[in-house]
Amino acid sequence: MSAPGKPSVSRDLLELRRVTKTIGDGVATTLVKDIDLVVRSGEFVAVTGPSGSGKSSLLYLLGLLDVPTSGDVLVEGRPASRLDEVARAHLRLSLLGFVFQFHFLLPEFSALSNIMLPMRALGRLDDAAMRRRALELLASLGLEDHAHKLPGQMSGGQRQRVAIARALANEPLVILADEPTGNLDTHSSEQVLAIFRHLVDETGRAIVMVTHDLDLAARADRQIRIVDGRRVT
Amino acid sequence: MRLVLDIAVTHVLARVRQTLVGMFGVAMGVGFSVMMAALMEGSQRDFVTQLVDSLPHITISDERRHPPRQPAEDVYAAVQFSGLRTPVIRPGIRNPYAIMASVETWLQGAVAPSVATRAVIRYAGRDTAANVTGIDPRREVSVSKLASQIREGTLDSLYKSSNAVILGDKLAAKIGARVGNTIALVSGTGQILTCTVVALLHTGISQTDETQAYTLIKTAQILTGQTALVNAIRIRTTDILAARDVAARIEAQTGYKSVSWQEANEDLLSAFQVRNFIMYTVVGAILLVASFGTYNIISTITHEKTRDIAILKSLGFTERTVRSIFFVEAVIIGLAGTVLGWILGFVLCLMLGSVEFKSPFMDATTLPLYYSPSHYLMAAAVAMTASGIAGYLPARKAAGVHPVEIIRGAS
Ligand SMILES: Nc1ncnc2c1ncn2[C@@H]1O[C@H](COP(=O)(O)OP(=O)(O)OP(=O)(O)O)[C@@H](O)[C@H]1O
Ligand SMILES: [Mg+2]
C-alpha cells in the first residue's frame, strides 16, 4: 500500500456532534437521535445494532451523503454537513471511501476502470500514475488477474474487493463500510476483514464498519451499538 | 471532461439499438429538413431569377414620389394645393443621357434608356391596345434578357427597316399578324405609324406576351410626338441584391422615382417570407418529433442507470458532473444523427435533382434545388438544440436523485 505510514499521534478524522436525522414532514420518523461519535486515525470502529436501528443512516451522515436535521458532522475538525453539494462531494471524493453490502460497481466498466473512476474525477494524477496505482491496489487485494474483467465476470468476493480497491483509490482518511461482508462466504469475509485490519494497522486509516456479525465486530478496535437511532455504548 | 465523455460513450455504445433508433430519428429530421430547404430555396431562387431576368433590376421613371413644389407655395406660402392637373403628355426624364453617364461612373452593372408609351395596333380592321416600348437594342442586351426571348428574328432586326416592331407572340397571334406583316400603330395623340413586324417576343409571362411591343427609341419618340423623350432608364445591377440600395441612391441623386425589382415585387417577396415561415415551422416540427426520440432514450438510460448515478454520487461526483454525462449522451446521439442526416439530406437532394419532368409543351426540366451550407448548419443547429434540451431535462432529473434512497433501495 502506497499510503502514508501510520502516524505516531492519532487525530480526529470524523466527528458527529449531537447529530439527529428525522425524515417525513407530517409524522416525522427519527432515524438517528443525538449521536456523538469521534473517529480517530488508525482506528477500526464497528457499528452494531438490531435491524432498522439506524446504522446505515448513521454511516450516510458520517459520509456526508446525507445531511443531519440537527447537529453537525466535522471532517478533520471542520464543520462539513452544512457545506453545499459540490463541497461535500469533493470531501467525499478526496477523503472518504464507501463500501456497501452490494458491490456497486459500474457494470460496463472493467475492474481497472472502476478503480480509476474516483482518481479520474479527482484528477490529481496523470493517466499513467492512475493506472499504476489502480494495478497496485488490485495486486494488493489479490486481483491482479482480474484487472480487465467486467463486474459480471467476477465472483461476489472478487467484486467486493474491487469495490474496496475503488474506495481506496484516492487514499481516503476513512473507509465507511456498510455490511461489506453481508453477501460474502466465510472465506471472502475473512479476506475483507484482513484487508481492513491491514489498512488500519499499516496505513493509519480509520474504518467504520457496520455489521450484524458480532464475531466480526469483536475483532474491531472499538464497538459502538445503536438501538432505535440512539447510541447505547 | 474526458471522464464524462468516457462514461457517456460507454453508456451509448452499450445500447446500440436504442442509440441507432435515436440517431436515425435525428438523421431523418435533419435529412428531410435539408432536402426541404434545398427545394424551397431552389424554387424561390428559380422564380426570382426568372422574374429578375425578364425585367430590369431598377427602372428610373419620369415620375416623382411627391408632387414637385409649386412656385405658388414659395410665393404665397400657401398651406395646401388641391386639384392640380397633371399634364397630359409625359414629361420625360430631363437630361437622360447625363443621368445615365453619371450613374455609370459608379454603378456595377449596365444602363439603358427606353421610351414607354401606349398605342393601338390597327391590323386587319381591328384595334388592339398595346404597350409600346422604345429601346436601344445595343444597350438593351446588357440590361435584360430580352434578346434571348426574341423568336423568328433577333433584337437587331429592329434596325432592318425604318419602322420595325417586335410583337409579343400572343399579341401577334391575337391580331393575326406574322413576321413580315405591316401593321399600324396609332398613338393617343392620333399619330399613325406604319410598321413592319420583324420578330416575335416570348417571355413566358402571358401578361407581357399579350400586350408588349418593342420598337427603336426613335420610333417610339415619333409615336409620342416628343422627340428626344426618354421616360425610363433601366438598369441591371451585377449584384441583384444591391438593387434596392442602388435605386435609393439614384433616387436621392436625381429626384426621379427609381423602383428596384424588390420594390416592384414586394407582395411576391412577402409571399416568399410566408412560405419560408411555413417551411421553418415544418422543419422545426420534424426536428422536434425527432428530438422526442432522443428524450425517450436519455430518459430510459437515466432510469436504468439510477443505481450507477447513486454510485457516482456516493463516490463524490457532483450533480453537475452526473448531469453532464447524460447531457453529453444526448449530444453524441444528436451529433451522430446530424452528420448522418447531412449525408441523407445530400443524397435525397441528388436523387430529387436527377428526376426529370417531361412534358410535351416544354423541354424536360428538373426540380430547381439550391445547395447551401446554411441549410445544413440551420438543420444542425435546430437538431442540436432539440437534442440538448431532450437530454438536459432527464439529465437534470437524474442528477437530482438522492443517492441514499437508491442505495437503501438496492441493498
Ligand atoms: N425513506 C424512509 N422512510 C421511512 N422510514 C425509513 C426510510 N428510510 C429508512 N427508514 C427507517 O429508518 C430506520 C433506520 O434505517 P437504517 O437503514 O438506518 O437501519 P439499519 O440499522 O441500517 O438496518 P439494517 O440493519 O436492516 O440495515 C428503519 O426503521 C427504516 O425502516
Ligand atoms: Mg443498514
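Residue numbers here run from 1 along each chain, matching the order of that chain's written sequence. As a convention, the first chain written is A and the first ligand written is 1, with the rest following in written order. In keeping with the model being predicted, local features are shown solely for residues with a pLDDT of at least 70 and side-chain atom pairs are shown and tallied solely at 80 or more, while totals for entire chains, interfaces and linings include all residues. Each side-chain value is derived from all of the structure's non-hydrogen atoms; neither hydrogens nor water enter the calculation.

## Concerning the overall build of chain A
Part 1 of the reasoning: In this text, helices come from DSSP runs of H or I with a minimum length of four residues, and strands from runs of E with a minimum of two, each type numbered from the N-terminal end. What chain A contains, in helices and strands, is seven helices and ten strands.
Part 2 of the reasoning: The reference for a compact globule is 2.2 Å times residues^0.38; the radius of gyration itself is calculated from the C-alpha atoms. Expected size for 233 residues packed as a compact globule is a radius of gyration near 17 Å; at 17 Å, chain A falls within 12% of this value.
Part 3 of the reasoning: Principal-axis analysis of the C-alpha atoms gives chain A an extent of 50 × 40 × 35 Å.
Part 4 of the reasoning: Partly exposed describes any residue whose relative accessible area lies between the buried limit of under 20% and the exposed limit of over 50%, with all areas from a 1.4 Å probe on protein chains only and scaled to the type maximum. Within chain A, the fraction of its 233 residues that count as buried is 55%.
Part 5 of the reasoning: Contacts were defined at the residue level, with two residues in contact if any of their heavy atoms lie within 4.5 Å. For chain A, the share of sequence-separated contacts (at least 6 apart) that also reach a separation of at least 24 residues comes to 70%.
Part 6 of the reasoning: When the 28 basic and 28 acidic side-chain charges of chain A are each reduced to a single mean position, those positions are 2 Å apart. Under the convention used here, Asp and Glu are negative, Lys and Arg are positive, and both His and the chain ends fall outside the count. Note that the charge is assigned to NZ on lysines, CZ on arginines, CG on aspartates and CD on glutamates.

## Brief notes about the domain arrangement of chain B
Part 1 of the reasoning: For chain B, the domain assignment lists domain 1 (2–52 + 268–410) and domain 2 (64–69 + 89–256).
Part 2 of the reasoning: Using only C-alpha atoms to locate each centre, domain 1 of chain B and domain 2 of chain B end up separated by 53 Å. An automatic or database domain assignment is the source of the domain bounds shown.

## Focus on the packing of aromatic side chains
Part 1 of the reasoning: Planes of paired rings set the category: under 30 degrees apart is stacked, over 60 is edge-to-face and the rest tilted, where pairs are Phe, Tyr or Trp rings (Trp by its six-membered ring) whose centres lie within 6.5 Å. In total, this model carries seven aromatic pairs over all chains according to the counting rule given.
Part 2 of the reasoning: For the pair F44(A) and F196(A), a centre-to-centre distance of 6.2 Å together with 80 degrees between the ring planes defines the contact as edge-to-face. Within this pair, whereas F44(A) is found in strand β3 (residues 44–48), its partner F196(A) is found in helix α6 (residues 186–203), the two being separated by 152 residues in sequence. Across the pair, exposure class does not vary: F44(A) and F196(A) are buried alike.
Part 3 of the reasoning: Summarising the aromatic geometry, the rings of F100(A) and F104(A) are spaced 5.2 Å apart at their centres and angled 70 degrees between planes, so their arrangement reads as edge-to-face. Grouping residues by exposure puts F100(A) and F104(A) together as buried.
Part 4 of the reasoning: Joined through ring pairs, the aromatic side chains of F98(A), F100(A), F102(A) and F104(A) make up one cluster.
Part 5 of the reasoning: Any Lys NZ or Arg CZ that is within 6 Å of a ring centre and within 35 degrees of that ring's normal is treated as a charge sitting over the ring. Over the ring of Y370(B) we find R45(B), and its NZ or CZ is 4.0 Å from the ring centre.

## Considering the side chain of S157(B)
All names here are of chain B.
Part 1 of the reasoning: Tracing the sequence through the fold places S157 in the loop between β4 (150–151) and β5 (164–168).
Part 2 of the reasoning: Polar contact criterion, stated in full: a pair of N or O atoms within 3.5 Å, where within protein one must be able to donate a hydrogen and the other to accept it, and residues adjacent in sequence count only if both atoms are side-chain atoms. Side-chain polar atoms of S157 contact the backbone oxygen of T154, separated by 2.8 Å.
Part 3 of the reasoning: When near neighbours in sequence (up to four residues on either side) are disregarded, S157 contacts A164 and V198.

## Quick word on the pattern of salt bridges
For side chains of opposite charge, pairing can occur when their charged atoms come near one another.
Part 1 of the reasoning: When a carboxyl oxygen of Asp or Glu lies within 4 Å of a side-chain nitrogen of Lys or Arg, that pair is called a salt bridge. A complete count under the given rule lists 23 salt bridges over all chains for this structure.
Part 2 of the reasoning: Among the ionic pairs, R15(B) bridges to E108(A), the shortest N-O distance being 3.8 Å. Remark: E108(A) occurs in the loop between β6 (96–99) and α3 (111–122) and R15(B) occurs in the loop between α1 (2–13) and α2 (16–54); the pair is interchain, linking two chains.
Part 3 of the reasoning: Note that R2(B) is salt-bridged to D127(A), the shortest N-O span being 3.3 Å. Separated into two different chains, R2(B) in helix α1 and D127(A) in helix α4 (residues 127–140) make up a pair that spans both.
Part 4 of the reasoning: One network of salt bridges, with partners in common, ties together E108(A), R15(B), E304(B), K305(B) and D308(B).

## Here we look at the sheet that holds strand β10 (residues 230–231) of chain A
Hydrogen bonds between backbone groups are what pair the strands of a sheet, and the pairing can be parallel or antiparallel.
All names here are of chain A.
Part 1 of the reasoning: Here we have six strands laid out as an open sheet, ordered β6-β7-β8-β3-β9-β10, and mixed in their pairing. Both outer strands of the open sheet, β6 and β10, are each paired with one neighbouring strand and no more.
Part 2 of the reasoning: Pairing of β3 with strand β8 (residues 206–210) involves four bridges; the strand directions are parallel. What sits directly across from V45, in β8, is V208.
Part 3 of the reasoning: Most of the contacts of α6 go to β8, to which it runs at about 150 degrees, and overall it touches β3, β7 (174–178) and β8. Strand pairing follows a simple DSSP-based rule, namely that at least 2 bridges must link the two strands. Axis lines are fitted through C-alpha atoms, for helices just across the contact stretch, and the angle between N-to-C directions can take any value from 0 to 180 degrees.

## Quick look at the nonpolar core
Part 1 of the reasoning: The nonpolar core is taken to be a set of buried Ala, Val, Leu, Ile, Met, Phe, Trp, Tyr and Cys residues, with the residues joined through side-chain atoms within 4.5 Å. Membership of the largest hydrophobic core comes to 63 residues, with the highest contact counts inside it found for V174(A) and V208(A).
Part 2 of the reasoning: Broken down by element, this core gets its largest block of residues, six residues, from helix α13 (residues 319–354) of chain B.
Part 3 of the reasoning: Not counting chain neighbours up to four residues away, the residues in contact with V208(A) comprise V39(A), V45(A), V47(A), L59(A), L62(A), V174(A), I175(A), L176(A) and A177(A).
Part 4 of the reasoning: L143(A), A167(A), L168(A) and I207(A) belong to the second largest nonpolar core, which has 38 residues in total.

## Section: the site of ligand 1
Part 1 of the reasoning: Around ligand 1 lies a shell of 13 residues, among which S51(A), K55(A), S56(A), S57(A) and R408(B) are the nearest.
Part 2 of the reasoning: The cutoff for a nearby residue is simple: one of its non-hydrogen atoms must lie within 4 Å of the molecule or strand. Bordering ligand 1 are residues originating from chains A and B.
Part 3 of the reasoning: At 2.8 Å, a backbone N or O of G52(A) approaches an oxygen atom of ligand 1.
Part 4 of the reasoning: Per-element accounting of the shell around ligand 1 gives the leading share, three residues, to helix α1 (residues 55–62) of chain A.
Part 5 of the reasoning: Gly counts as polar in this scheme, as do all residues outside two lists: the nonpolar Ala, Val, Leu, Ile, Met, Phe, Trp, Tyr, Cys and Pro, and the charged Asp, Glu, Lys and Arg. Residue composition of the shell around ligand 1, grouped by class: three nonpolar, seven polar and three charged.

## Quick look at the sheet that holds strand β5 (residues 78–79) of chain A
Part 1 of the reasoning: The strand order β2-β1-β4-β5 (chain A) describes an open sheet built from four strands, whose pairing is antiparallel. Every other strand in the sheet has two partners, leaving β2 (29–40) and β5 of chain A as the edge strands with one partner each.

## Comments concerning the interface of chain A and chain B
Part 1 of the reasoning: On the side of chain B, 26 residues touch chain A, which itself brings 26 residues to the contact.
Part 2 of the reasoning: What counts as buried area is the accessible surface, traced by a 1.4 Å probe, that two parts surrender upon association, with contributions from both included. Looking only at chain A, the three residues that lose the most surface to chain B are F104(A), E108(A) and R120(A), adding up to 25% of its buried area.
Part 3 of the reasoning: One can count four salt bridges joining chain A with chain B.
Part 4 of the reasoning: The tally of links from chain A across to chain B stands at seven residue pairs in polar contact (both at pLDDT 80 or more).
Part 5 of the reasoning: Taken together, the residues of the side of chain A that touches chain B sort by class into 17 nonpolar, two polar and seven charged.

## Comments concerning the environment of R230(A)
Part 1 of the reasoning: Tracing the chain through its elements places R230(A) in strand β10.
Part 2 of the reasoning: For the pair R230(A) and A220(A), spaced ten residues apart in sequence, the C-alpha separation works out to 20 Å.

## Quick look at unusual backbone geometry
Part 1 of the reasoning: Backbone geometry at D34(A) places phi at a positive 45 degrees, although glycine is not the residue there.
Part 2 of the reasoning: Assignment of secondary structure puts D34(A) in strand β2.
Part 3 of the reasoning: Judged by its relative accessible area of 28%, D34(A) falls in the partly exposed class.
Part 4 of the reasoning: Even without glycine at this site, A124(B) takes up a positive phi of about 50 degrees.
Part 5 of the reasoning: With respect to the helices and strands, the residue A124(B) is situated in the loop between β2 (109–123) and β3 (126–135).
Part 6 of the reasoning: Look at A124(B) and you get exposed, because its relative accessible area is 66%.

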